Structures are given as C-alpha cells and as structure tokens.
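A look at the structure
Each chain, letter by letter, is given below.
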Amino acid sequence: MSFLQSIDISATASGRGQLIFGDHDGNLHFIDRDLQMSSFKAYILRVTHLYQLKQHNILITVGNDYTPKNPRDDDEGINPLIKVWNLDKIDRSGQPLCSRIVRAVPGNRPTKVTCINAHENLNYMAVGFENGCILLFKGDITKERHSKSRILYESAYMITGIEFKTHTSGKPVIMFVSTLKEVICFNLLPKDRDVKTVLDQHGCPVHCSVMSDISQDNQFVIGRQDAVYFYQPDGRGPCLAFEGDKLRIHWYRGYLVLVSKEVKPSSLIGNVQSPGVHIITVYDIQNKLIAYSGPLPEVTDVLCDWGGLYVLTGDNRLHLLQEKDTQTKLEILFKKNLYHLAISLAQSQQYDQDGIIDIFRQYGDHLYGKGDHDGAIQQYIKTIGKLEASYVIRKTEGRDVDFDVQTAIRVCRQAGYYKHALFLSEHHQQHDWYLKIQLEDIKDYDKALKYIGKLNFPEAEHNLKTYGKILMAEVPMETTELLKRLCTDYKPSDKPLVDAANLDGGAPTVKRANPDEFIHIFVNNHHKHDKLTEFLEHMIKVQPNSSVLIYNTLVELYLQACSHEMEISARVEKERKTLDLLQNPESHYDLDQALVLCQMYNFKAGILYQQIVQYHMDHGEYMHIIETCKRFGQQDPNLWIQALAYFSGKEEDCKQQIIEVLSHIDDRNLLPPLLVIQTLAHNSTATLAVVKDYIVRRLQQENDQIQEDERLIEQYRTDTEKMRTQINELKTSAKLFQVSKCSICCHPLDLPSVHFLCQHSYHQHCFESYAEHEAECPVCLPENRKILDIIRAQEQSRDLHEQFHHQLERAQDGFSVIADYFGRGVFNKMTLITDRSATKSSLRQPPRPPPRKC
Amino acid sequence: MSYAYLFKYIIIGDTGVGKSCLLLQFTDKRFQPVHDLTIGVEFGARMITIDGKQIKLQIWDTAGQESFRSITRSYYRGAAGALLVYDITRRDTFNHLTTWLEDARQHSSSNMVIMLIGNKSDLEARRDVKKEEGEAFAREHGLIFMETSAKTAANVEEAFINTAKEIYQKIQDGVFDINNEANGIKIGPQHSLTNPGMSSSSGGGNQSSGCC
Ligand SMILES: Nc1nc2c(ncn2[C@@H]2O[C@H](COP(=O)(O)OP(=O)(O)OP(=O)(O)O)[C@@H](O)[C@H]2O)c(=O)[nH]1
Ligand SMILES: [Mg+2]
Ligand SMILES: [Zn+2]
Ligand SMILES: [Zn+2]
C-alpha cells in the first residue's frame, strides 16, 4: 500500500469495514475494503489516539489543536482535545460531523492521555492519563451538554488500559483498568456509587491489555512478561504462560495476538534482542494452539478488519495475516498429529459431519500406526455409520497385531452399531460375541443358527449348548435339524463334505455330540413333544445303542403323547408305537423308570410288566421273575400265569418256583384249577407232588365256596319269599299305622297326620315344612337316593372314569379337579367301581329294595 | 445458579500426574487420553451439594512443569482446598510431594484443606508406589488421602466432594473466617447479608430477596 508510505502514522483504529489512521499532521485517513482512501484534517496539530465504536459508526479521537501557552508543556499530547465524530453525517464542509469537542484534562493538571475507551451504550467514556488519573464521562457522550465528567480514580501509576465489559446489558457497567502496577475492576453503579475492586497487584505496560470476546467470557486480558492473565470482574481467572517481553496484545475473533521482542540466544553475551525485529504470535485460545508465529520488522500496530489481521510495521507497510480456511488449518494440525485439536477445531467451526468423520478416521489411522489399537478403535467407532464399516473391519483385521477386538465389538455393541459389531465378531471369530449380538440385540435366530452350523465341531457344540434353549424356543425346526446333525456326524455346513485331511489316508473321524447333553434345551418349550420326539427318534435310529436317558425320555414322550391323544385311532397308533419301543430288545430304557412312567401315564401297564418278566425269562433269571411278579402282580395278575407257563415249560426242575407261583395264583384265585392243570400238563418234569397241595387246597376251597353259595342262595330265596309276602300284604290288606310319634318332631302324633308305608308317620305341618317331595318319606329319602344313585352311577361309570382322567391330566392344578369330584360325591362311587373286589361284592349283593330297609 | 458457599480449590503436583484429567473428569465426566500440557493455569467449576446446601467449587488446575512454578504459586492464595496429586506409576512424582507440600503451606492460608491423591489407580500393573505409602505420607502430614483414576472416574467425585466436606466441617466448627475471602470461601449472593452489590457479578445477584 504505497499511499501509506507518505503518512506519518500516529494512531490507528479499525472496525465497521475500514482501517483508520491518524497522523502527526492532524489528519485522519480512512481506507475501505476496496483500498480506497479518504482523508480529512481533524486537528490542527496532531492526532494521538483513536477509538472506533463497534456498534455505532462513531469515532472518538484525541489530539492537539494548539500549542500550549506554557512552553514547558510543549510536549506532544499535553492539553489534549477529545473529539467525537459521527461518521454517518457530513457537515457543511463535506467532512464527517464532529458532534463534540471536550478538553481531556484531569483536574487542571495537564498530563498525557494514555488510553481512551467508550461503552457501546454511548453513556460512558473513560480516558486514562499518564499521571494515573481516570476521567470518566457520563451521559450521552456524543453531546456536549448531556455529559458530565469526573475523576474516577487516581492511581500512583500510569493508566495503561481501559476496557468496558460488553454484553452486560441491564447489569451494572463494568470497567476494567490496568495500570503499570495494578489491575482494577470498577462497578459503575448509578449515582456515582462506584465499587472498586483491585484484582491484582501486577499491571502491564500500555498496549498490553485487551478485552476478549464472548468465546472467552469477555474477560480482561493482560500481557505480562511471564504470562497472559485473564480477569473476571471478581478476580483473577486462568493464565497462559507465554513468556516474552510483550509489546502489544490484541484480540481478534477468538485469537490472541501477541507482539513481542524477539529473543535470540547468543553464545557470547547471553540473550540478545535483535533490534527492530518483533515476533508476532497468534494463539487460538479455544483450541490451544499457535495459529501463526513469525518475525516482522518493528511492528507498530495490529488492525483487524475485512476478515483479516493487518500488521503495521515501522516502514509503514501493512502485512496481512489471513486466517487460513479450516481445511488448511486442519492439515497443519494433521501434520503435527494434533488430531484432538483438529477435531475440536472442526467442531468449533461447525465443520460438516463428513469432514469431522474423516478426521476421526485419520486420527484412528494415526493411533493405529502407533500401535494404540484401543485408541484407534475408539476413533473408528465414531466414524461408524458414515464411514464404510468395511474400512474399520479392514483396519482391524491385521493378523500381526494383537488388536483388542473385544473392546471394538463391545464398544460397537454399546453404541448400537450391531451390524458392525457383527462384522467384527465374524471376522475375528468371536463366535460368542456374534451369537450374543445376533440373539440378544438383533434377534435374528435363523442367522445365528446358520452361523453355528458353520462352526467347527467343538465350537458348534459349545454354542448350541449355550444358546440351544433360546434357539429352540424361536426356531424349533431348524434347531432340531442342526441338533440332529451335530449328534450324528457333524461337518461344518460350508466345508466340503470330504475335507482334505481325510483324503490323505487318515481315517475320517466322525464327530458327534452326546445327545444326552441337549435334551435340556427342549425343556419348557411348547414344541417340546414334537421336536424332542423327532430328535430322539432320529437318534435311536442312527444310533440304536443310544443311552438309557435317550430311551427313557422317548418312552416318556410316547406315553405322554398317548395319554393326550383323544382321537381313538390315533391313540391306538400311538400306543402301538409305544409298545414297539418298549418291546424292542434294542431299547435300552431303564425298566424301573419305564414302569413308573407307565403308571404315571396310566398306560395299560400289563404289557409292560409282562415285558419285564419276559426280559428276565429271556435271561433265565428265575429269582427276578418271581420278584417281578411279586412286585407287580398286584397291578397285573396275569404275570403269575405267565410265570407259571414259563416255569412249567422249562426242561429243568423248577419245582420250587412252580410251587411258589402256584401259591400266589391260588391266593389270588387267578386261574381256574383246570387251566392250571392244563398248563402244568405241558411240563414233563412237573410231578404230581408239585401240584398235589394245590389241587387239594383248590378242591377244598371249591367245596367251601359251593357251600357258601348254597347258603346264600337259600338266604336270598327266603328273603325274596319274605318280600313277596310283604308286597302282597301291602297290595291286599289294609295297613295299620300304629306309630305314635312323629318322625320329625318326636311328639305324639295327632291329626292331621301323614303316613308312609315305610312305617314313618308325621304331623302334617311337620311334613310340609320338612319334606322336599310330597310322595317321598323324608327320613327314607336320603337312603333311597343313594341306592338309586349307585345304580345310575354304575351305568355311567365307564364314561365318568375316562372323563375324570382326561380332566385330571389336562388340568394345571390336578388337586382342584379331584376336589371338585369329591365335592360332587363322585369319588365315593369311583372307589366303589375301581376297587374290583368291592365291585364284585356289591354286584353279588344287590341293594335291597327300600321297604326292607325300613 | 445460586449457591450457599463458593470454595476455591487448587490442584497441584508434578507434570503428567493427571491433574487436568481429574478436573475434566469431575466437571465434564470425560477422559482425555492425550497429555495436553497445561500451560499456566486453567479453570473449572462445578456445583455440588453438601448437607443439603449448594456449594460451588471453583477449581484452579495448575501447570506441573517446573518452569511455570512462579506463575502457579500466585494462585495458591485464596484457596480453601488443595488436591495434591501424584502418579502411582511414577515414584518421582511421589518423592516430590514434600516440595509441593512446603510450597502449598508457604503460599496459602494455614487452614487450607489438603487432599493427597494417588492418581492412575487403573494402572495397577504398573504401580510403583504402594497405597500404604500414600496413606503413611498423608498420616504423617495430616492430609486426607485417596487413590483415584481419572480414566475410570474411580473416586474422582469422592476426592473433590470429601475435600469440600472437610472444608464445610471446618466452617461449621468456626475454624474458617468466611468473611475473609483470602480463605477461599465466599458466601453465596443471596446468602450474604453484607455488601450485596459487591459479591454479585453474574447470576441472580439482583434479586436480593430475604434469607431463605
Ligand atoms: N491410565 C490413566 N492415565 C491417566 C490418568 N490420569 C491422567 N492420565 C494420563 O496422564 C497424562 C497426563 O495427564 P494430565 O491430566 O494432562 O496431566 P497434568 O497433571 O495435568 O500435567 P500438567 O498439565 O503438565 O501438569 C495424560 O496422557 C492422561 O491421559 C488415570 O487416572 N489413568
Ligand atoms: Mg494439566
Ligand atoms: Zn320311611
Ligand atoms: Zn311332628
């Protein structure tokens, strides 16, 4: 800017789109954005200070218009005049309007102005002087009349800086002041009730204090030799230890600009200041980095406008320090590996999302390169969702590094990036993680199952054990299929059927899991029956020598199926299947267990007992045969007959056994003697001695029985005869009611009365209030009913029996079913019916007709 | 946000022991894995509650590097509590405690509550200073002691709050003169009865209603 060369600059200011220079000839020069300069003469002698308000186009200047009368005071700046210019208005001579001219002299003691500042509310203006005075103007500072001045403070030290804390509208006006030895805060309250707080006992030279912007909370910033200090109205704030002799400090959009003397280390005479060279340093306070640092010859001022920083040097040159665009700044930071700074810079600059993501990625790469894999993944994670997952995956795939995949997966998962967590898990063979995520987070059971199916045998086995239950609950069919595979001859599903290892001679090893260990996964599952049955059937088919547990379980399942089947033909089919299983000699079920089960499910057990006996017979275990018969003969008396047939068919001498068996048959009256004889007749070894006792006893019994029967016949006959006469009597002859007492109230009868043939009589009123039925005797009624019920119940017994059992099996609470039946009185009859001997005897002695009872 | 008391803290100790991380964890609940050398003195604040009272902690995090010592010293004055931090994985930081303690005692009010902190307790594998040693040192010099991890946040909250409790107790016991700000304690704007204009700069100092 050549036109600056001719100007003898004495003061500068900037703002509102222009740079302003004052010179030693009293001129003001304005340079606008297009580098057009305009000038006018503001003072007769010189301009010494400029202050440009930010929110108003108002310029305040300090300068001299005339030489003081006292020649001793003929010093630059004595008797200064303050002029306030309204740059928006032009006066008659075509210059900006000067709205106010006022002398800047504190209390008639001429002294140099050192600084001037005004509040944006245009109500306060403060001037600092070399002698330590502060002159405060209050009221409309642009107008002569409305503004009064007073000395606010007299310090022992030169005032070096004055700043109003902006952005405190409505609140007390706060003014910071620095002197050579102090930092002071003034709280300017109405009616001149000012409050002064000394913030520090250290001050700073002129040009070394500045107001920061809102990004630093409008703190007062002071540059001293050892550090830059920040001040709040109530005390000292943080500090930055930037060492060096500071000449000027400025604040520009979050940047702290320091001009300091260059210090060159010299081997000869210690540190030497090279004359005329200054260092200008631009600190990005928020990001804690040096945005610029470089030497410039003799910096006289720093101006900020037009989006740049202008440094004025002694040779009247303006040097432009342009803020680098964010990208360039970031690159610088990247070069220095200051990624966290880059990120905070990008974020503070509202950098776009993709850009920030990219920084995370670069940071991740950087950390990765340094071997900080955990750190890297933390950064990569932040890119997920934007960056291709494959990038992260690729990065994390390095075989040679021990990458903490677990952390990566965990972080991804926590962050809800299930897809990526899955990728990582799969790529790093973290099966457990994979399945956890697939099952617990994504709930894709099919995929999880397929995944297990691809694993090697031990892993597949392990994971199916762990997750089988949930899989069975969700995808029963597929899970069952996989289980079958796993327990038969397992090969991972994506491997060729014949793997290379087997081709070169080694015998192919069949890997199969123990099915026993998987039965539990079917438990508590409503598909349990079908799927477990299917699985077990498969198992016994491919491995007939399956374990007892397998067979037992299958038996139980079958029995359950039978008992639940309502449809007759299906049931028959199921029972047949059950029998096949029970009778198959290869079935390794536990006999006792199977028995208990059969009993539990009320499976017509005979076959089964016979099965056991047959088993022992096949093994020739006589002792056991008898034992079994003794144990289960109660349930199935036919066992004894079977045993008899067996022993009598034996070639060897089974006399002992036959005798024992016979005695049991005898006790229970299981076979007609004739049949016993016939059976024994097959046996060549069975001597008469063996059966003699039996036959004798039998014959004796038969005899006794016949006699007893004859006696009974006789008795019934007389009974019948008696009844006949009774009935006849009732029919033909008049009945004499000679009962004298009422059967209800037990008082002597009187008329009117009611009489029954059963010999019960009642007062009429007793009968009417008591009887349920006109035609029935109230006393006999319960007994008669019972007998009728018995007859009816016997007719229904079969149905009822079945119905009860079905109900009992289906009910969740079996007890309540039983209780219900009890309540209905059904149980009495049930016992009557199920108890065989009782049934027989009751049939033998039919209930007597009611009249006989009374 | 109004408060009943304001306590000033200072965090001191060798460079790299984790002072800034402790502060960051306490105020922002974050951890900074990179050593961002503190140059000068940084500042943080947080509100806590003790005994049902809101207490504002104003915390000065100082640079541990020797070359900044003269600057950081000037911040000791007017601190009610100090967190003296060493790194359990670096014995030298433990050995320097005596120097730090002398410094602190010399430049601060005699009533200042000092909490000794063995930081980086998450790095058990690299431990160089036994917990018992820290306890012994604290006992010998009348300090409170805790091991913390700025990384996992273990005991961080407790360290700051226990110090505040101790200060609060001292106030209750009348040990601190709360009207002397050099002690690092200030009564909240609406709680103070004297000089209402003085203490308020930001916050609701204007509505100086009666006592709660
Ligand atoms: N593992 C672990 N590292 C920590 C812990 N606290 C801090 N660090 C690390 O230690 C280093 C230094 O932490 P800073 O808090 O910056 O140390 P400082 O005490 O403030 O250091 P100066 O500012 O130089 O005084 C950083 O890399 C932190 O990540 C911690 O509890 N555990
Ligand atoms: Mg630090
Ligand atoms: Zn009767
Ligand atoms: Zn009667």
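Every residue gets a number counted from 1 within its own chain, in the order that chain's sequence is written. To read the labels, note that chains go from A and ligands from 1, taken in the order they are written. Residues qualify for local features only when their pLDDT is at least 70, as the model is predicted, and side-chain atom pairs are given and counted only at 80 or more; totals for whole chains, interfaces and linings, by contrast, use all residues. Working from all heavy atoms in the structure, the side-chain values ignore hydrogens and water.

The next thing to look at is the overall build of chain B. Along the backbone of chain B there are 7 helices and 7 strands. Comment: elements are numbered from the N terminus, with helices defined as DSSP H or I runs of at least four residues and strands as E runs of at least two. The order of helices and strands in chain B, counted from the N terminus, is β-α-β-β-α-β-α-α-β-α-β-α-β-α. Classification of the 212 residues of chain B by burial places 49% in the buried group. Considering only intrachain contacts with a sequence separation of at least 6, the fraction spanning at least 24 residues in chain B is 73%. As presented, chain B carries roughly 9800 Å² of accessible surface, and 47% of it is formed by carbon and sulfur atoms. Accessible area is worked out with a 1.4 Å probe on protein chains only. A residue is then buried under 20% of its type maximum, exposed over 50%, and partly exposed in between. Two residues qualify as a contact provided that any one of their heavy atoms is within 4.5 Å of a heavy atom in the partner residue. Here, Shrake-Rupley sampling with a 1.4 Å probe gives the accessible areas, and only protein chains in the shown set may cover a residue.

Now for the overall build of chain A. Across its full length, chain A holds 29 helices and 31 strands. Counting across all 854 residues of chain A, residues that qualify as buried make up 45%.

As a further point, take the interface of chain B and chain A. The interface is formed by 17 residues belonging to chain B together with 19 residues belonging to chain A. Once two parts are joined, some of their accessible surface, as seen by a 1.4 Å probe, is lost; buried area is that loss totalled over both. Each partner contributes to the roughly 1600 Å² buried at the junction of chain B and chain A, and carbon and sulfur atoms together form 53% of this total. We count a salt bridge whenever a side-chain nitrogen from Lys or Arg sits within 4 Å of a carboxyl oxygen from Asp or Glu. Inspection of the chain B/chain A interface yields 1 salt bridge. We note a salt bridge from D234 of chain A to K186 of chain B, for which the minimum N-O separation is 3.6 Å. Two N or O atoms form a polar contact when they lie within 3.5 Å of each other; inside protein one atom must be a possible hydrogen donor and the other a possible acceptor, and for residues adjacent in sequence the pair counts only when both atoms belong to side chains. Viewed at the interface, chain A and chain B are joined by 3 residue pairs in polar contact (both at pLDDT 80 or more). Mapped onto the side of chain B that touches chain A, the elements with two or more residues apiece are β2 (41-50) and α7 (196-199) of chain B. It is β2 of chain B that contributes the most residues to the side of chain B that touches chain A, 3 residues altogether.

Turning our attention to the packing of aromatic side chains. Residue and element names in this part refer to chain A. The aromatic pairing rule takes the rings of Phe, Tyr and Trp, using the six-membered ring of Trp, and pairs them if the centres are within 6.5 Å, calling planes under 30 degrees apart stacked, those over 60 edge-to-face and the rest tilted. The tally for this structure, following the rule as stated, stands at 18 aromatic pairs over all chains. A network of ring pairs unites the aromatic residues F30, F40 and W85 as a single cluster. Only when the NZ atom of a Lys or the CZ atom of an Arg is both within 6 Å of the ring centre and within 35 degrees of the ring normal do we say a charge sits over the ring. One cation-aromatic arrangement involves K83 over Y43; the distance from NZ or CZ to the ring centre is 4.3 Å. For the cation-ring pair, R224 lies above Y229, with the distance from its terminal atom to the ring centre recorded as 4.2 Å.

Residues and elements named next belong to chain A. In space, the 4 strands of this open sheet follow the order β5-β6-β7-β8, with antiparallel pairing throughout. Only two strands of the sheet have a single partner each, and these edge strands are β5 (46-52) and β8 (96-103). On average, adjacent strands in this sheet sit at an angle of 25° to one another, irrespective of strand direction. Pairing analysis gives 7 bridges linking strand β7 (residues 81-90) to β8, with the strands arranged antiparallel. Paired with N86 across the two strands is L97, which belongs to β8. Each pair of strands is called paired provided DSSP finds at least two bridges between the two strands. Note on geometry: axes are lines fitted to C-alpha atoms, helical ones only across the stretch in contact, with angles between N-to-C directions running from 0 to 180 degrees.

Residues and elements named next belong to chain A. Mapping S587 onto the fold places it in the loop between α16 (568-583) and α17 (591-600). Relative accessible area serves as the criterion here: at 12%, S587 is assigned to the buried category. As for S587 and I540, which are separated by 47 residues in sequence, their C-alpha atoms are 8.5 Å apart. Not counting residues within four places of it along the chain, the set of residues in contact with S587 comprises Y551 and L581.

All right, on to the packing of helix α11 (residues 457-474) of chain A against helix α12 (residues 476-488) of chain A then. All names here are of chain A. As a packed pair, α11 and α12 sit with axes 10 Å apart at the nearest point and diverge in direction by 155°. It follows from the interaxial angle that α11 and α12 lie roughly antiparallel. You can see that α11 and α12 cross each other, and the crossing is left-handed. Where α11 approaches α12, its residues F457, A460, E461, L464, G468, L471, M472, A473 and E474 are matched on the opposing element by P476, T479, T480, L482, L483 and L486. Residues belonging to the contact of α11 with α12 are distributed by class as follows: 10 nonpolar, 3 polar and 2 charged. Roughly parallel means an angle under 35 degrees; roughly antiparallel, over 145; roughly perpendicular, 65 to 115; everything else is oblique. Should the near helix be turned anticlockwise from the far one by less than a right angle, the crossing is termed left-handed; should it be turned clockwise, right-handed. Residue polarity is assigned by list, with Asp, Glu, Lys and Arg as charged and Ala, Val, Leu, Ile, Met, Phe, Trp, Tyr, Cys and Pro as nonpolar; anything else, Gly included, falls into the polar class.

All names here are of chain B. By nearness alone, 26 residues border ligand 1, and T15, K19, T38, D122 and A150 come closest of all. Between G18 and ligand 1, the recorded distance is 2.9 Å, taken from a backbone N or O atom to an oxygen atom. At a separation of 2.8 Å, an oxygen atom of ligand 1 approaches a polar side-chain atom of S20. Tallied by class, the residues present in the shell around ligand 1 amount to 9 nonpolar, 11 polar and 6 charged. Nearness is judged by heavy atoms alone; a residue qualifies as near a molecule or strand once a single heavy atom is within 4 Å of it.

Attention now goes to the side chain of K83 of chain A. Residues and elements named next belong to chain A. Here K83 shows up in strand β7. At 3.0 Å, the side chain of K83 and the side chain of D65 are in polar contact. In contact with K83, not counting residues within four places along its chain, are A42, Y43, L59, I60, T61, D65, C98, R100 and I101.

A separate point is the pattern of salt bridges. Tallying each qualifying case throughout the model produces 28 salt bridges over all chains. A salt bridge links D65 of chain A to K83 of chain A; the nearest nitrogen and oxygen atoms lie 3.0 Å apart. Placement of D65 of chain A in the loop between β6 (58-64) and β7 and of K83 of chain A in strand β7 is noted, with a sequence separation of 18 residues between them. The burial state of D65 of chain A is the same as that of K83 of chain A; both residues are buried. Note that D87 of chain B and R90 of chain B form a salt bridge whose closest N and O atoms lie 3.7 Å from each other. With relative accessibility at 1%, the residue D87 of chain B sits in the buried group. Since its relative accessible area comes to 27%, R90 of chain B is described here as partly exposed.

Our focus in this paragraph is the UniProt feature "domain: RING-type" (unreviewed entry) in chain A. UniProt positions are given in the numbering used here, feature names are shortened, and annotations may be inferred rather than shown by experiment. As recorded in UniProt, the feature "domain: RING-type" (unreviewed entry) lies at residues 742-780 of chain A. With 18% helix and 15% strand, the stretch residues 742-780 of chain A has end C-alpha atoms that lie 14 Å from each other.

Next up on the list: the nonpolar core. To qualify as a nonpolar core, a set must consist of buried Ala, Val, Leu, Ile, Met, Phe, Trp, Tyr and Cys residues joined through side-chain atoms within 4.5 Å. With 80 residues, the main nonpolar core has L464, L471, L483, I625, L644 and F647 of chain A as its most contacted residues. Ranked by residues supplied to this core, first place goes to helix α15 (residues 548-564) of chain A with 7 residues. With 54 residues, the next largest nonpolar core counts I174, V183 and Y229 of chain A together with F68 of chain B among its residues.

We now examine the environment of V548 of chain A. By the element assignment, V548 of chain A lies in helix α15. In this structure the C-alpha to C-alpha distance between V548 of chain A and L591 of chain A, which are 43 residues apart in sequence, comes to 9.9 Å.

Our next topic: the confidence of the model for chain B. The predictor attaches a confidence to each residue, and that confidence, scored 0 to 100, is pLDDT. A residue-level look at chain B finds 89% of positions with pLDDT of 70 or above and a mean pLDDT of 86. Ignoring residues within four places in sequence, the model shows residues 192-212 of chain B, a span with pLDDT below 50, making 13 contacts including any to other chains.

This brings us to unusual backbone geometry. Residues and elements named next belong to chain B. A positive phi angle, close to 55°, is found at K29, a residue other than glycine. If you trace the backbone, K29 turns up in the loop between α1 (19-28) and β2. A relative accessible area of 55% means that K29 is categorised as exposed. Non-glycine residue K120 carries a positive phi angle of around 75°. The class for K120 is partly exposed, based on a relative accessible area of 22%.

With that out of the way, let us pick up helix α4 (residues 97-107) of chain B. Structural remark: α-helix, 3.6 residues per turn; residues separated by three or four positions point the same way. All names here are of chain B. Every buried residue belonging to α4 is among L97, W100, L101, D103 and A104, and all of these are buried. The arc that holds the buried residues of α4, viewed along the axis, is 160°, so those residues lie on one side. Those residues of α4 that are exposed and aimed more than 90 degrees away from the buried face are E102 and Q106. As used here, the arc belongs to the directions running from the helix axis to the C-beta atoms.

Between the first and last C-alpha of α12 of chain A there are 18 Å, a value that for 13 residues agrees with the 18 Å anticipated at 1.5 Å per step. Within the sequence span of α12 of chain A, burial applies to P476, T479, T480, L482, L483, K484, L486, C487 and T488 of chain A. Given the number of residues in a helix, its expected span is that number minus one, multiplied by 1.5 Å.

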